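Summary of structural features
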Number of protein chains: 2
Amino acid sequence: MENSNNNLFIEISKAADFFKSKDNFVILTHMNPDGDTLGSGFGLAMLLDRMGKKSTVICSDEIPQKYEYFTSLAPQNADFNKKTTVVAVDVADVKLLGRLEEKYAGSVELCIDHHFSNIGYAEATYLDSNAAANCECIYDLAKALGVEIDKDIALALYTGISTDTGCFRFSNTTAKTHRIGANLMEYGIDTAEINRIMFETKSRIRVELEKMALDAMEFHFDGKCAVITVTREMYEKTGCKDEDLEGITSISRSIEGVIVGVTLREREEGGFKISVRTYPPVDASAICKRVGGGGHIRAAGCQLGPEYNAKQAVAEMLMHVKAVMEEDFAGTVTDK
Amino acid sequence: MENSNNNLFIEISKAADFFKSKDNFVILTHMNPDGDTLGSGFGLAMLLDRMGKKSTVICSDEIPQKYEYFTSLAPQNADFNKKTTVVAVDVADVKLLGRLEEKYAGSVELCIDHHFSNIGYAEATYLDSNAAANCECIYDLAKALGVEIDKDIALALYTGISTDTGCFRFSNTTAKTHRIGANLMEYGIDTAEINRIMFETKSRIRVELEKMALDAMEFHFDGKCAVITVTREMYEKTGCKDEDLEGITSISRSIEGVIVGVTLREREEGGFKISVRTYPPVDASAICKRVGGGGHIRAAGCQLGPEYNAKQAVAEMLMHVKAVMEEDFAGTVTDK
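The model shown is predicted, which means the values in this text are computed figures rather than measured ones. (Residues numbered from 1 in each chain as written. Chains lettered and ligands numbered in written order. Predicted model: local features only at pLDDT ≥ 70, side-chain atom pairs only at ≥ 80, totals over all residues. Heavy atoms only, no water.)

**Points about the overall build of chain A**
Inclusion rule: What counts as a helix is a DSSP run of H or I of at least four residues, what counts as a strand is a run of E of at least two, and both are numbered from the N terminus. Type-normalised accessible area, obtained with a 1.4 Å probe on protein chains alone, sets the label of each residue: buried when under 20%, exposed when over 50%, and partly exposed for intermediate values. It only takes one pair of heavy atoms within 4.5 Å for two residues to be counted as in contact. All accessible-area figures derive from a Shrake-Rupley calculation using a 1.4 Å probe, and residue coverage is judged against the displayed protein chains alone. Counting rule applied: Lys, Arg positive; Asp, Glu negative; His and chain ends not counted. Note on charges: their place is set at NZ of Lys, CZ of Arg, CG of Asp or CD of Glu.
Looking only at helices and strands, one finds 11 helices and 12 strands in chain A. Projected onto the principal axes, the alpha-carbon positions of chain A cover approximately 70 × 40 × 40 Å. Relative to its 336 residues, chain A shows a buried fraction of 55%. Taking contacts inside chain A between residues at least 6 apart in sequence as the whole, the part at least 24 apart equals 64%. For chain A, the computed accessible surface area is about 14600 Å², with 49% contributed by carbon and sulfur atoms. Each charge class in chain A can be summarised by its mean position, and for the 37 positive and 51 negative side chains these summaries are 1 Å apart.

Put into structure tokens, the structure is as follows:
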């Protein structure tokens with residue numbers, strides 16, 4: 001199968017043949033690295049090491065502290081004085097190489113990925129879009145290579161699978177994901193400890209943010225709607241950036257009885273960026289469309305201009321939430 | 001194998017024979033029912049239904065709202081005008097039958113359980129203490145009975161397994177747990193939706209409590225120690241009871257960099273109930289022993305009497321935390 005860029009999508013056996021035929025690899029991971037790209041990178045590096053080959057894993061950005069133990073698992077020994085073979089793992093687009101894009105975008109010989117959206121930038125790509133995590137692809141590659149998995153490799157691959165599936169919780173999880181998880185556990189890894197590190201540890205700034213979000217939350221329409229407003233003052237007080245707020249939007253909807261969660265974030269230039277999250281039967285995109293926004297049925301967004309202060313922006317959104325709820329419930333909705 | 005009460009521990013095939021030989025069952029679940037006892041009970045009820053037998057699942061306490069959908073899955077049709085066969089699932093001790101203890105304690109013919117601590121109160125017991133969830137035992141029973149699992153049965157069993165393992169996160173999870181999870185997924189259940197209901201929904205009182213706990217948190221010793229004090233005033237303000245606070249003790253330790261989490265709860269009669277949670281190398285029980293308490297190396301508890309006010313109680317605990325940290329780190333620990 002060839003994509004529009006005439007790049008080749010190949011079978012796993014061909015990917016295995018490729019790795020067998022080379023000896024000195026650079027393994028690219030995606031920017032803002034997560035457990036799956038790093039588990040894939042260091043997992044692959046260990047497979048290559050067991051085959052007597054050399055490799056080094058590189059990334060545009062610093063490796064987050066909780067993944068740092070990966071780096072001690074695989075010898076980082078590519079010989080940069082000789083020709084290196086450049087491969088990429090879990091990287092759907094050259095843009096995701098970050099600072100490495102300029103140097104490597106045109107020279108990726110093989111990409112191993114699980115993103116349906118992969119643009120086919122590499123000379124050849126092994127893509128399994130049914131894989132919940134790219135580490136499932138690396139697991140399949142190990143089998144195709146005939147390399148024995150060991151405890152360290154299992155640790156890296158399990159970490160990638162667990163982090164990309166929210167520990168087998170998200171809808172991308174398949175029966176195969178569980179079967180690979182089972183097989184990896186049998187190498188004696190301490191999955192409870194891995195998951196503790198991956199899921200139970202929160203940063204101080206995240207805790208401050210959650211506190212702030214919970215403090216700012218108000219309930220409407222008999223507890224069915226929760227509204228969080230994050231003002232500029234709050235940004236300044238906690239020293240948080242907009243990126244830090246990812247995930248905050250899901251807090252309101254997670255409260256028992258809430259079916260519409262609205263999060264308003266005051267923009268630096270004034271006005272508000274608004275996220276709406278809903279549960280059936282309420283249509284989030286219908287709410288946002290009423291103020292010129294849009295999105296999906298359960299997750300949508302819109303904006304309100306600097307002519308609104310916080311109180312007015314909340315009142316405006318509540319009016320639209322009420323209207324859509326009345327439509328979706330086919331009845332009158334009252335506040336308090 | 002017989003236990004000290006001369007009750008019989010039997011193989012799964014014998015348990016299957018037992019169910020085949022009877023027709024009219026009462027299935028007992030444990031008090032304060034959770035996903036595993038209810039998944040086991042309603043899962044078993046469905047298996048019996050598919051075999052043309054009648055049964056009713058009963059419980060001392062009300063079924064929590066999030067498990068209510070179980071009740072519609074299995075016909076509750078035991079004939080109480082005829083002799084019923086009483087079985088128990090996930091019930092380690094007759095005391096755990098709650099209000100049903102008096103009526104049923106002496107008449108349980110078969111118990112299916114996964115608790116190592118099972119006291120052997122039933123006439124016969126099938127016990128698999130390696131099973132992370134009792135629903136694994138019910139899965140094995142289905143295989144032994146030769147009854148085809150269907151989507152509804154899979155839903156009940158998956159729910160029990162997921163809730164008892166924190167969605168495959170806790171240390172009780174085994175490779176077998178994952179393999180059963182994989183098999184159950186293949187019946188087409190929406191595991192992401194089940195897990196959303198089980199794990200992502202928080203009660204309003206729980207949210208209030210978390211907010212309160214985070215508001216009350218203070219950090220010491222370069223962020224290595226987090227202290228939460230829950231005063232009587234906070235209890236009154238949120239209307240929460242002592243039971244509601246379970247789980248709050250783990251919040252402090254979950255923050256990045258924290259290795260000692262101390263939670264002080266003011267008692268109604270004055271004084272404080274104190275929980276200490278640690279990560280290596282700090283010994284929680286050593287901290288608590290210094291004030292007459294005790295426990296495990298990572299989780300311990302102690303009390304301070306009504307002669308302490310909140311500030312004094314915190315100061316007292318910090319002194320002991322400092323002493324034990326200095327021992328465990330073999331160096332001086334300073335606050336701020």
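What follows continues from the structure just given.
**Points about the domain arrangement of chain A**
Threshold: For every domain, the bounds stem from an assignment made automatically or drawn from a database.
Along its sequence, chain A is organised into domain 1 (8–199) and domain 2 (204–329). Centre-to-centre, using C-alpha coordinates, domain 1 of chain A lies 36 Å away from domain 2 of chain A.

**Notes on the packing of aromatic side chains**
For any pair of aromatic rings, the description rests on two quantities: the centre-to-centre distance and the angle between the ring planes. Rules: Each aromatic pair joins two rings of Phe, Tyr and Trp (for Trp, the six-membered one) with centres within 6.5 Å, and gets the label stacked for planes under 30 degrees apart, edge-to-face for over 60, and tilted for any other angle. Here, over-ring charges are defined by two tests on the NZ atom of lysine or the CZ atom of arginine: distance to the ring centre within 6 Å, and angle to the ring normal within 35 degrees.
Scanning all chains against the criterion turns up 13 aromatic pairs over all chains. For the ring pair B:Phe19 and B:Phe25, a centre distance of 5.4 Å and an interplane angle of 40° mean the geometry is tilted. The exposure classification of B:Phe19 matches that of B:Phe25, with both residues buried. Pairwise contacts between aromatic rings join A:Phe42, A:Tyr67, A:Tyr69 and A:Phe70 into one cluster. Over the ring of A:Tyr279 we find B:Arg196; its NZ or CZ atom is 3.8 Å from the centre of that ring.

**Some details on the relation of the copies chain A and chain B**
How we decide: Residues reaching a pLDDT of at least 70 in both copies supply the C-alpha atoms on which the copies are superposed by least squares.
In the superposition of chain A on chain B (RMSD 0.3 Å, axial shift 0.0 Å), the rotation amounts to 180°. Both chain copies can therefore be described as sitting about a two-fold axis. Most of the interface of chain A is mirrored in chain B: 100% of its interface residues are interface residues there too.

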